[in-house]
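Reading the structure
These are the residues of each chain, in order.
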Amino acid sequence: MSSPSKRREMDLMKLMMSDYKVEMINDGMQEFYVHFHGPSDSPYHGGVWKVRVELPDAYPYKSPSIGFTNKIYHPNVDEMSGSVCLDVINQTWSPMFDLVNVFEVFLPQLLLYPNPSDPLNGEAAALMMRDRGAYEQRVREYSQKYAKPEDSGAAPEEKSSDEELSEDEYDSGDEAVVGRVDP
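Described in the following lines is the structure provided in the data block. (Residues numbered from 1 in each chain as written. Predicted model: local features only at pLDDT ≥ 70, side-chain atom pairs only at ≥ 80, totals over all residues. Heavy atoms only, no water.)

Summing up its helical and strand segments, the protein has 7 helices and 4 strands in all. Across the 183 residues in the protein, those meeting the buried criterion constitute 38%. Excluding contacts between residues fewer than 6 apart, the proportion of contacts in the protein whose partners are at least 24 apart in sequence is 54%. Accessible surface, the protein: about 11300 Å² in total, of which carbon and sulfur atoms supply 49%. (Helix = DSSP H or I, 4+ residues; strand = E, 2+ residues; numbered from the N terminus. Buried < 20%, exposed > 50% of the residue type's maximum accessible area, 1.4 Å probe, protein only. Contact = heavy atoms within 4.5 Å. Areas by Shrake-Rupley, 256 points an atom, 1.4 Å probe, with all protein chains shown as cover.)

Right, let's talk about the environment of Phe97 for a bit. Looking at the secondary structure, you find Phe97 in the loop between α2 (87-90) and α3 (99-112). With 36 residues separating them in the primary sequence, Phe97 and Tyr61 have C-alpha atoms 9.6 Å apart.

What follows is about the pattern of salt bridges. For the coordinates displayed, the defined rule picks out 7 salt bridges. A salt bridge links Asp11 to Arg7; its shortest N-O distance comes to 2.8 Å. With Asp11 and Arg7 both in helix α1 (residues 4-17), this residue pair falls 4 residues apart, about one helical turn. Of the two residues, Asp11 and Arg7, neither departs from the other in class, the shared state being buried. We note a salt bridge from Arg52 to Glu54, for which the minimum N-O separation is 3.0 Å. Here Glu54 falls in the partly exposed class, since its relative accessible area comes to 34%. Bridged by salt links that share partners, the residues Glu31, Arg52 and Glu54 form one connected network. (Salt bridge = Lys/Arg side-chain N within 4 Å of Asp/Glu carboxyl O.)

Let us look at the nonpolar core. In this structure, Leu15, Phe32, Val51, Val53, Phe68, Phe103 and Leu107 are the most contacted members of the largest nonpolar core, which totals 38 residues. Elements with a minimum of two residues in this core: α1, β2 (31-37), β3 (48-54), β4 (65-68), α2, α3, α4 (122-130) and α5 (132-146). Ranked by the residues each element gives to this core, the list is headed by α3, at 8 residues. Discounting residues that sit within four places of it in the chain, Val53 has contacts with Gln30, Glu31, Phe32, Val34, Pro64, Ser65, Ile66, Leu99 and Phe103. (Core = buried A, V, L, I, M, F, W, Y, C linked by side-chain atoms within 4.5 Å.)

Now for the packing of α1 against α3. Following both chains from N to C, one finds α1 and α3 inclined at 40°, their axes separated by 7 Å at the closest point. Classified by the angle between their axes, α1 and α3 sit oblique to one another. Together, Asp11, Leu12, Lys14 and Leu15 of α1 and Leu99, Val100 and Phe103 of α3 make up the contact between the two elements. (Axes fitted to C-alpha atoms, helices over the stretch in contact; angles between N-to-C directions. Parallel < 35°, antiparallel > 145°, perpendicular 65-115°, else oblique.)

Our next topic: the sheet that holds strand β1 (residues 22-24). Pairing in this open sheet of 4 strands is antiparallel, and the strands run β1-β2-β3-β4 from one edge to the other. A strand with exactly one partner marks an edge of an open sheet, and here the two such strands are β1 and β4. Strand after strand, the sheet turns through a mean of 25° between neighbouring axes, direction not considered. Taken together, the 7 bridges between β2 and β3 define a ladder with antiparallel strand orientation. Note that in β3 the partner of Val34 across the bridge is Val51. (Pairing = 2+ DSSP bridges.)

This next bit is on the side chain of His74. For His74, the location among the structural elements is in the loop between β4 and α2. Here His74 falls in the buried class, since its relative accessible area comes to 0%. At 2.9 Å, the side chain of His74 and the backbone nitrogen of Asn76 are in polar contact. There is a polar contact of 2.8 Å between the side chain of His74 and the backbone oxygen of Leu110. In contact with His74, other than residues within four places in its own chain, are Tyr44, Leu110, Leu111, Pro114, Asn121, Ala124 and Tyr135. (Polar contact = N/O pair within 3.5 Å; in protein donor to acceptor, adjacent residues only side chain to side chain.)

Nothing here speaks to function; it is all geometry.
Structural data, given as structure tokens:
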């Protein structure tokens, strides 16, 4: 790679081509949101989180800043700020990693294998260690309440263009705009 800006562009395009919904925050390529689906076979399954990503000027030599914008119940995610405590992002980042690694490997691993001994959310960590079933139930409750696909703009299942519209969707309300019929 000839420069960090070219690498930033390439990684962002690679992320977009990996079927992640990406929303740019500004005109530049340094701040954006990624719609992240909870891993299947986990209590996060079915949830969609809007994750804010900020790329530093020195990316990929310096790690991206990652934070959940909607609430998530997890020992290693601060419930109020959405900050993520993840060694690979915060301490052991390498330019060999890219944005796709963050969303296909690092975040799913974080959700599947929480580390309650290094918590940002002490309540979640304590509940997880004391009662795993109650912890997973709370995760599901948060997922259903704060990570609904429709709230993040991600449709759970898109309608194809050739499906018929329902009567409500078909009714465009033009009748209210039409004036009196001239006799």
